[in-house]
Amino acid sequence: MITQKEMLTHFLPILEKSGKRYKKKSMVRAKKAQAGLLVVTKTSDGDETQNTAEAGDWLVENQTSTNELYLVKAETFKKKYTLVQSLEQGWGCYQPKGETTGIIVAKEHLEAFGATNVMEFQAPWKATMIVKPGDMLVVPPEKDEIYRIAKKEFGETYVQI
């Protein structure tokens, strides 16, 4: 499997040269996740990845057509989200803050790794993640990780700065 380090080594120069800055435009629902909870992130084009919650992690639900779920570490969640309103059963409505840099994945990007229509790589949380042409590959300002956001969900949740 292609590692995070290999992905960053290959894509950071591309992102620094031609990446664009984005921010989330829609609120999210979130609550503290129960340790051991297995979360399979499903997007409009199928299963993207999975992750198992550790103590302190947050379960986040994007307000997309698929209501995709994913886990976020406590430290990262605190940096990326601000509580707007408490909801029932431990959920809250949160305003995203911060930004990301991203590129639209082209077939040529995948071909550099010997793939064509779908490529698997190691997500920041060590599980397998897929990426397809038309998806976004993004990095946070720290440029210490890289991950995929599916094309449809990216369009539903992000805006260019």
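All of the points below concern the structure found in this document. Values in this document were obtained by computation on a predicted structure and should not be read as measured data.

## Points about the nonpolar core
M7, L137 and I146 are the most contacted members of the largest nonpolar core, which has 25 residues in total. Taken together, the elements giving at least two residues each to this core come down to α1 (4-18), β10 (119-122), β11 (128-131), β12 (136-139) and β13 (147-149). Take this core: its biggest share by element is five residues, from α1. Residues A30, Y70, F77 and Y81 belong to the second largest nonpolar core, which totals nine residues.

## Details of the sheet that holds strand β1 (residues 20-24)
Spatially, the five strands line up as an open sheet ordered β13-β12-β9-β1-β14, and their pairing is antiparallel. Two strands close off the open sheet at either side, each with one partner strand: β13 and β14 (158-160). Here the average twist between neighbouring strands, direction ignored, is 45°. Here β1 runs beside strand β9 (residues 100-104); their pairing, made up of three bridges, is antiparallel. By the bridge assignment for β9, R21 is matched with T101.

## Brief notes about the sheet that holds strand β5 (residues 58-62)
Pairing in this open sheet of five strands is antiparallel, and the strands run β6-β5-β2-β8-β7 from one edge to the other. With partners counted over all chains shown, the strands left at the sheet margins are β6 (69-72) and β7 (81-86), one partner each. Sheet twist, expressed as the average angle between the axes of neighbouring strands with direction ignored, equals 35°. By the bridge criterion, four bridges tie β5 to β6 in an arrangement that is antiparallel. Bridged to L59 within β6 is L71.

## Some words on the packing of aromatic side chains
A full pass over the atoms with the stated rule returns seven aromatic pairs. Each ring, one from F11 and one from F113, has its centre 6.0 Å from the other, and the planes form 25°; the classification is stacked. In this pair, F11 is assigned in helix α1 and F113 in the loop between α3 (107-111) and β10, connecting sequence segments 102 residues apart. A relative accessible area of 1% places F11 in the buried class. An aromatic cluster of three or more residues is present, and its members are W58, F77, Y81 and Y94.

What counts and what doesn't
Numbering of residues starts from 1 in each chain and follows the order in which that chain's sequence is written. In keeping with the model being predicted, local features are shown solely for residues with a pLDDT of at least 70 and side-chain atom pairs are shown and tallied solely at 80 or more, while totals for entire chains, interfaces and linings include all residues. Hydrogens and water are ignored here; the side-chain numbers use all heavy atoms of the structure. Residues grouped as a nonpolar core are buried Ala, Val, Leu, Ile, Met, Phe, Trp, Tyr and Cys residues, joined through side-chain atoms within 4.5 Å. Here the term buried applies to any residue with accessible area under 20% of the maximum for its type, exposed to any over 50%, and partly exposed to those in between, with areas from a 1.4 Å probe on protein chains only. Think of it this way: any DSSP run of H or I at least four residues long counts as a helix, any run of E at least two long counts as a strand, and we number them from the N terminus. A pair of strands is labelled paired if DSSP reports no fewer than 2 bridges between them. Orientation is described by lines fitted to C-alpha atoms, with helices fitted over the stretch in contact, and by angles between N-to-C directions that extend from 0 to 180 degrees. Between 30 and 60 degrees the pair is tilted, below 30 it is stacked and above 60 it is edge-to-face, where a pair is any two Phe, Tyr or Trp rings, Trp via its six-membered ring, whose centres lie within 6.5 Å.

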